[in-house]
Amino acid sequence: MELLVEGGTVLTMGQKGTIRDGALAIEDDRIVAVGRAREIKPKFRRYERLDARGCIIMPGLVNAHQHISMGLLRGYADDYPLKEWLEQHIWPLEAKMEPYHMYVGSLLTCAESLLSGVTTVNTMYHYAHPELNEAKAIADIGMRGVVGHVCFSWRKEEDRRALDDLVRRWHGTADGRVRVSVDPHAPYTVDPDYMVELRRLTNEYNERYGHEGAITFHIHVAETPDEPDKIREAFGVSADEGVVAYLDRLGVLGPDMVAAHCVALTGKDIAIMARRGVKAVHNPVSNMKLASGVSPVVELLRAGVVVALGTDGPCSNNTADMFETMKFASLLQKVVLNDPTALPARTVLEMATVRGALALSWPEIGAIEPGKKADLIVIDVRKPHLTPLYSEESHLVYAVRSSDVRTVLVDGEIVVEDRELKTMDLADIMEEATKAKEDLLSRLEEGKT
Ligand SMILES: [Zn+2]
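Scope of this entry: the structure provided in the associated data block. (Residues numbered from 1 in each chain as written. Predicted model: local features only at pLDDT ≥ 70, side-chain atom pairs only at ≥ 80, totals over all residues. Heavy atoms only, no water.)

**With respect to helix α10 (residues 267–276)**
Buried residues of α10: Asp-269, Ile-270, Ile-272 and Met-273, and no others. Considered in projection along α10, the buried side chains sweep an arc of 165° and stay on one side of the axis. Projecting away from the buried face of α10 at angles above 90 degrees are the exposed residues Gly-267 and Arg-275. Buried residues along α10 sit in contact with α9 (243–250), β14 (279–282) and α12 (297–303). At the C-terminal side of α10, Gly-277 shows a positive phi close to 75°. (Buried < 20%, exposed > 50% of the residue type's maximum accessible area, 1.4 Å probe, protein only. Helix = DSSP H or I, 4+ residues; strand = E, 2+ residues; numbered from the N terminus. Arc of directions from axis to C-beta. Contact = heavy atoms within 4.5 Å.)

**Structural notes on the environment of Ser-69**
Within the secondary structure, Ser-69 sits in the loop between β8 (61–66) and α2 (82–94). By relative accessible area, Ser-69 is classed as buried at 0%. Through-space distance from the C-alpha of Ser-69 to that of Leu-108 is 8.3 Å; in sequence the pair is 39 residues apart. Those residues in contact with Ser-69 that lie beyond four places of it in its chain are Met-97, Met-102, Gly-105, Ser-106, Tyr-125 and Glu-134. At a separation of 3.3 Å, a polar atom in the side chain of Ser-69 contacts the side chain of Ser-106. (Polar contact = N/O pair within 3.5 Å; in protein donor to acceptor, adjacent residues only side chain to side chain.)

**As for the pattern of salt bridges**
On inspection of all chains with the given rule, the structure shows 40 salt bridges. Between Arg-249 and Glu-241 there is a salt bridge, and its shortest N-O distance comes to 3.9 Å. Accessibility expressed as a relative area gives 52% for Arg-249, which makes it exposed. When its relative accessible area of 43% is taken as the criterion, Glu-241 is described as partly exposed. The salt bridge partner of Arg-346 is Glu-350, with a shortest N-O separation of 3.1 Å. Linking Arg-346 with Glu-350, this pair stays in helix α14 (residues 345–352), spanning 4 residues, or about one helical turn. The buried category is assigned to Glu-350, whose relative accessible area is 17%. What you see here is one network of salt bridges that share partners, running through Asp-29, Arg-30, Arg-144, Lys-373, Asp-375 and Asp-411. (Salt bridge = Lys/Arg side-chain N within 4 Å of Asp/Glu carboxyl O.)

Listed below in structure tokens is the structure:
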């Protein structure tokens, strides 16, 4: 497709900064030109037009930590202590999930994500079927994503089979929109030897399949302050100097590591992350809802660590809304540090776009620049809560709602137009999800009798 997007303010998140009365041209899946409308328009006269007058055009948002299948379980159980929430509510229901439920839950979360301006998602879940899985949902709905299989010490054989199948079948598919990752669940559920083996496996996959894009190493790290205790209890090893320091001793760190949460870090952990190029993903809403604590985001950034943003799964957030996450990220640091200058709007926007792309080792996304993938969103700012407009960056973080996203492009394709999902029937997805919920609940009842 040849498309000229014109008439709005382009927030490139790249070298050209913010361009008022800007325009950009797209050929197939790539951006080929961006600049002032009067310079760009004459060169691409014959291209189909997308009118973005009164709107902000920016890169699609990158949600760097999710569990998209869990869309089906949203709101099933809330307001419990973490252990009780998992053991008595979430895990028993999850145990009843079949591949079909995972596929439907994933479609639901992807639809919600696209409609709210998220074009790329990094998701960790169980890969249990060659077709009915998260990768298929992302491919079918026209999104971009990194799909992992979550690994635990108690099912090593099963994990190896799942990882092999996932990487062989899905890495680089859907015109390169789908990539895969190796996902050790956490340092307290994956024993030291298995952690080392999974790192080695990631390196092997990169040697064999890396020409289709990086295969990343995605893991929950230091989500709660008691993680060193849990590691000692599980495997009899010390992580008292810090969970990242412990992982460094195992030799598993590297720039392809995506560390979700990073709440309870030591000073040593932060220095090691910077030295090894480990990427952090901050999930402020989930951390607040589960009372996990507050990630030292400002310290991480100061040390030079790439910090991206994520929502975490729909059960612990409970939305896939990255605009809400951006606002919370900023407000949380401000109140905790007692400093209104902490985590300004510009930094938060970078975390949700360019730094998200860096975190996923996917440099072709995250900014509007010639040569990058055409993943972008058009936000309508002709609204009472966005009028008048002094600063696009301020509005985007503190005032825009995800429902202000009007049009969404992924890989040069219009996937949402005037707030309507174009790639699949949204009403069908919601109907299937409601049926799947009833089915899950009846399976749970059957299990009890
Ligand atoms: Zn998570």
